[in-house]
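Observations on chain architecture
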Amino acid sequence: MTEKKTPQLDELEKGQWPSFVTEIKKAAATNAASEDLLHLLERSYEDRIGHWKHGGIVGVRGYGGGVIGRYTDLPEEYPNLAEFHTIRLAQPAGWFYDSKALRSICDIWEKHGSGLTNFHGSTGDIIMLGTTTDHIQPAFDEFSEAGFDLGGSGSDLRSPSCCVGPARCEYACYDTLEACHNITNEYQDEIHRPMWPYKFKIKFSGCANDCTASIARSDCSVIGTWRDTIQIDQDAVKQYAADGLDIQDRVCDKCPTRCLKFNSETKELTVIGEDCTRCMHCINYMPKAIRAGKVKGATILFGGKSTIVQSAFMSWVIVPFMKMESEDDFAEFKDLMGRVWEWWDENGKTRERIGETIYRLGMGKFLRECELPPVPQMVFRPRANPYVFWPQDEIIK
Amino acid sequence: MSILDQGPPDYKKMIPPIIKDNYGKWIYHEIPKPGVLKHVSETGDELFSVRVGSPRLISLDFVRNLCDLADAYCDGYLRFTSRNNVEFLLSDASKVEPLIAALTEKGLPVGGTGASLSNIVHTQGWIHCHTPATDASGIVKAVMDDLFEYFGSMKLPAKLRVGLACCLNMCGAAHCSDLAIVGVHRTVPRINDEKIAKGTEIPSLVASCPTGAIRPNPKAKSVTIVDDKCMYCGNCYTMSPGMEIMDGKNDGCAILVGGKVSNARNVPSFSRMVIPFLPNNPPRWPEVTDAVRMIVEVWIAHARKGERMSEWIERIGWERFFTLTDIPFSDKLIDDYIFSRETFRTSATFKY
């Protein structure tokens, strides 16, 4: 195998961006599967197709998800990739680590896997890339001992993820890390034992900048917001003006609702509170001078997903404002999730994301059956057609 | 023995003391230089985060290397971002420059803050996925090499978020990126009756097709496809290995632009297709890197300060986007799937 050349991949070791090829080669120095992976990838570069096939089900005792079976379609030529499964490990909230925890992952994966990882996968898990069926259970036992658990896969709750939140961000309107950690722990059964029509993702973003892309990437998006009015520190505004920021042009004129007025003489900034939609633009530009309001919480949206099958959906506003501060608030969120999952479980077709189920059956039915009050914040604008499904009890008999 | 359902490690044990002390107390941040964030707390404490690009697919050597640096410069603490960057968390300002020097020596790029190109969020591609229409890591490496100057500087009109998805499942959620590279198939799946008969649930396979192109073929215990109805989404291949859709001659990439997830200023938006197909041309995908660079450079030349791709295009109009970029417009760019109507112009106002 060592005589085989990888000219195309070698080309990708050049250039200034860190090279994944160099990483595979480092792993290949001590791991036969990684060495085969290098050559299989070169083969894909020649053939211009992938060489992985659908896998049989693999996993660990007690769980139905968390391990993804992967097998090459060329096992005779690349025998060390005959089995090359992925183990998903649930990440700590906010993707914070100390070196001790990271080194423990490395030591275990050196023993049981290819030596390759992703920090992180698209959903948020630590991805342990490539091991054999025999090694899955021992690897899990050791990861478990080191304090790590598996993430989700298949038709289950996928590992929730969150932004850096109050750990390092002044914009956070709720504690995204605590919410994510608390709610993830509540739903360990839902994460580890697939039981739904399809996958379900939750992402927690502390503000409308939405650094976890929750509106695009999760079935349930929890986006921090506030109910009252932004707080303005006029001294800090004056300082920004003195430092040369063109507040009128960069802040006021870019405000989507034109709710900010800058007095160029007094150098004071005022807001028409009821016109503000809390988009974050002014706060992003003037974090020292403008802060979120005091009544903080989150907007809960449902339905986000990517293109397959019915086109991409962005999540829809379902609960405009929910407090997210205390255990009681989390309980209210969990109560909502319970109703929504039950409805989806009952109505969803196989491999139908909740957004597609809601869209197929109608938002009205979803709201009624989940006991959610319809409010104008849910729509950009009301319907243009008169085709209302009237409930029979509103009809004069 | 394993412990079941213990959940993820507690983040409280993974955060550095300076964050514990100032949790929820941060009042503002600055970007003293590209790749460095300075967060200031109401207690007066200052936290410096040094952001570093990573190829996402990394070896254990790479992880241990990060650990060594974290041990040497920030008491062993670091974090990763939602865009697969690494952030070293320093409470000692005097260690920032030595850390950057050490990173630079190891070839690790510092950047990705403010009006820059951050790391490309991407999928597995030919490395490990069973449904890809293109590679992921290879194109990302080629594009990041080509646009490297924009990672370590902050000279773009606004932030630039690029996503790559190696098929329409879009694990990378490229559908709301300033610029998205998406693997696309262009040919009808080749039906392998034997594989389908072996272990496929025919009704599920038939139901998986969004356009109703797949019909049962009871004689062969398989299915048939109405070719004209197939739009090559590959959903059937996810359901059955007998619907072979990968095609080395015809698979490639589409380019979409103008998406975003942030609510700042304008509402979140989907990326829109502007180039329906570019060939898979490994190892460096020159057609893709050229197209990406061209679009980025036209944006730089014409956008106002602070305007993200979507804001710039919506201000000038998509028709002007095609004029300025000289990208040929064709009927392939006009939606003919189920939610197409809202994209047709219902106004007599437009530009040339």
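A quick note: this is a predicted structure, and the numbers were derived from the prediction, not measured. In every chain, residue numbers begin from 1 and rise along the written sequence. For this description, chains carry letters from A and ligands carry numbers from 1, given in the order in which they are written. The predicted origin of the model limits local features to residues at a pLDDT of at least 70 and limits the giving and counting of side-chain atom pairs to 80 or more, whereas totals for whole chains, interfaces and linings rest on all residues.

Let us look at the overall build of chain B. Counting its regular elements, chain B contains 10 helices and 14 strands. For the C-alpha atoms alone, the extent of chain B along its principal axes is close to 75 × 65 × 35 Å. When each of the 352 residues of chain B is scored for burial, the buried share is 54%. Every helix listed is a DSSP run of H or I at least four residues long, and every strand listed is a run of E at least two residues long, numbered separately from the N terminus. Each residue is classified by how many other C-beta atoms fall within 10 Å of its C-beta atom, where C-beta atoms are placed from the backbone; a count of 20 or more means buried, 12 or fewer means exposed, and values in between mean partly exposed.

Another point: the overall build of chain A. Summing up its helical and strand segments, chain A has 14 helices and 16 strands in all. By the convention adopted here, residues make contact when the C-beta atoms placed from their backbones lie within 7 Å. Of the contacts formed within chain A by residues at least 6 apart in sequence, a portion of 64% connects residues at least 24 apart.

Annotation of chain B at the domain level lists domain 1 (11-105), domain 2 (125-186 + 250-343) and domain 3 (190-244). All the domain ranges listed were derived from an automatic or database domain assignment. Placing a centre on the C-alpha atoms of domain 1 of chain B and another on those of domain 3 of chain B gives a separation of 49 Å.

The next point concerns the domain arrangement of chain A. Residues and elements named next belong to chain A. Structurally, chain A comprises domain 1 (7-145), domain 2 (161-227 + 297-392) and domain 3 (231-291). Between domain 2 and domain 3, the C-alpha centre-to-centre distance is 31 Å. Taken together, the contact pairs seven residues of domain 2 with six residues of domain 3. In terms of residue class, the side of domain 2 that touches domain 3 is built from four nonpolar, two polar and one charged. Residues are grouped as follows: nonpolar covers Ala, Val, Leu, Ile, Met, Phe, Trp, Tyr, Cys and Pro; charged covers Asp, Glu, Lys and Arg; every other residue, Gly included, is treated as polar.

Below, the discussion takes up the sheet that holds strand β6 (residues 116-119) of chain A. A pair of strands counts as paired when DSSP detects no fewer than two bridges linking them. Strand order in the open sheet formed by five strands is β2(A)-β4(A)-β7(A)-β6(A)-β4(B), and the pairing between neighbours is antiparallel. A strand with exactly one partner marks an edge of an open sheet, and here the two such strands are β2 (67-68) of chain A together with β4 (57-59) of chain B. As defined by bridge partners, β6 of chain A adjoins strand β7 (residues 126-129) of chain A across four bridges and the pair is classed as antiparallel. Note on β7 of chain A: the bridge partner recorded for Leu-116 of chain A is Leu-129 of chain A.

It is worth spelling out the confidence of the model for chain B at this point. Here pLDDT means the predictor's own confidence in every residue, given as a number from 0 to 100. Considering every residue of chain B, the mean pLDDT works out to 96; 100% of them sit at 70 or more. As a predicted assembly, this complex carries a pTM of 0.97 together with an ipTM value of 0.97.

In this section: the pairing of strand β8 (residues 179-184) of chain B. Residue and element names in this part refer to chain B. Across the six residues that make up β8, a large majority, six, are buried. Of the two faces of β8, the one carrying Leu-179, Ile-181 and Gly-183 and the one carrying Ala-180, Val-182 and Val-184 are both buried. Across four bridges, strand β7 (residues 162-165) lies against β8 in parallel orientation. From the neighbouring strand, Gly-163 faces β8, where its bridge partner is Ala-180. Both β8 and strand β13 (residues 252-257) contribute to a ladder of six bridges, which runs antiparallel. Bridge pairing links Val-184 to Gly-252 in β13.

Turning to the interface of chain A and chain B, a few remarks are in order. Listed as interface residues are 99 residues of chain A and, on the opposing side, 95 residues of chain B. Broken down by element, the side of chain A that touches chain B gets its largest block of residues, eight residues, from helix α4 (residues 99-112) of chain A. When grouped by side-chain class, the residues that make up the side of chain A that touches chain B number 44 nonpolar, 33 polar and 22 charged.

What is expected of a backbone is that most residues other than glycine have negative phi and most peptide bonds are trans. Omega for the bond connecting Phe-119 of chain A with His-120 of chain A falls within 30 degrees of zero, at 5°, which places this linkage in the cis form. By the secondary structure assignment, His-120 of chain A is in the loop between β6 and β7. In this structure, the amide linkage connecting Pro-282 of chain B to the following residue, Pro-283 of chain B, adopts the cis form with an omega of 5°. Turning to its location among the elements, Pro-283 of chain B is positioned in the loop between β14 (272-279) and α8 (286-302). Positioned with a positive phi, Ala-213 of chain A is a non-glycine residue whose angle comes to about 55°. Assignment of secondary structure puts Ala-213 of chain A in the loop between β9 (202-205) and α8 (214-217). One non-glycine residue, Asp-326 of chain B, lies in the positive phi region at around 65°.

A word on the nonpolar core. Here is a general trend for soluble globular proteins: nonpolar side chains tend to be buried in one another's company. All names here are of chain B. In this structure, Phe-88, Val-182 and Ile-255 are the most contacted members of the largest nonpolar core, which totals 202 residues. Residue contributions to this core peak at eight residues, all from helix α2 (residues 60-73). When sequence neighbours within four positions are dropped, the list of residues in contact with Val-182 reads Ala-165, Met-170, Ala-174, Cys-253, Ala-254 and Leu-256. Take the buried Ala, Val, Leu, Ile, Met, Phe, Trp, Tyr and Cys residues, join any whose C-beta atoms are within 7 Å, and the set you get is a nonpolar core. Membership of the second largest hydrophobic core comes to 14 residues, among which are Leu-205, Ala-213, Cys-236 and Tyr-237.

Glancing now at the sheet that holds strand β5 (residues 77-80) of chain B. Here six strands make up an open sheet; going across it, the order is β5(A)-β5(B)-β6(B)-β3(B)-β2(B)-β1(B) and the pairing antiparallel. Every interior strand has two partners, whereas the edge strands, β5 (96-98) of chain A together with β1 (26-33) of chain B, have only one. Neighbouring strand axes in the sheet, compared pairwise and without regard to direction, differ in orientation by 25° on average. Here five bridges tie β1 of chain B to strand β2 (residues 36-41) of chain B, and the two strands are oriented antiparallel to one another. Counterpart to Tyr-28 of chain B in the pairing with β2 of chain B is Val-40 of chain B. Axes here refer to lines fitted to C-alpha atoms; in helices the fit is confined to the stretch in contact. Angles between the N-to-C directions go from 0 to 180 degrees. Each of β5 and β6 (86-90) of chain B touches α2 of chain B; the most contacted strand, β6 of chain B, lies at about 15° to it.

With that out of the way, let us pick up helix α3 (residues 96-105) of chain B. Residue and element names in this part refer to chain B. Every buried residue of α3 is accounted for by Val-96, Leu-99 and Leu-103. Axial view of α3: buried residues confined to an arc of 65°, hence all on one face. Away from the buried face of α3 by more than 90 degrees, exposed residues Glu-97, Ala-101, Thr-104 and Glu-105 are located. Note on α3: the residue one or two positions beyond its end, Gly-107, has a positive phi of about 80°. To obtain the arc, one takes the directions from the helix axis to the C-beta atoms.

With that settled, consider the environment of Leu-81 of chain A. Residue and element names in this part refer to chain A. Structurally, Leu-81 is set in the loop between β3 (71-72) and β4 (86-89). Take Leu-81: there are 27 C-beta atoms within 10 Å of it, and that puts it in the buried class. Spatially, the C-alpha atom of Leu-81 lies 13 Å from that of His-54, the residues being 27 residues apart in sequence. Residue contacts for Leu-81: discarding those within four places in its chain leaves Ala-33, Asp-36, Leu-37, Leu-40 and Thr-72.

Bringing the packing of helix α2 (residues 20-28) of chain A against helix α3 (residues 32-47) of chain A into the picture now. All names here are of chain A. Running from N to C, α2 and α3 point in directions that differ by 145°, and their axes come no closer than 7 Å. Mapping the contact onto sequence places Ile-24, Lys-25, Ala-27 and Ala-28 in α2 and Ser-34, Glu-35, Leu-37 and Leu-38 in α3. Class assignment for the residues of the contact of α2 with α3 results in five nonpolar, one polar and two charged.

In this section: α4 of chain A. Between its first and last C-alpha, α4 of chain A extends 20 Å over 14 residues, near the 20 Å set by a 1.5 Å rise per residue. When we look at burial in α4 of chain A, the residues that qualify are Ser-99, Leu-102, Ile-105, Cys-106, Ile-108, Trp-109 and His-112 of chain A. Its buried side turned inward, α4 of chain A meets β5, β6, β7 and α5 (133-145) of chain A together with α2 of chain B. Expected span of a helix, by definition, is 1.5 Å for each gap between consecutive residues, and there is one gap fewer than residues.

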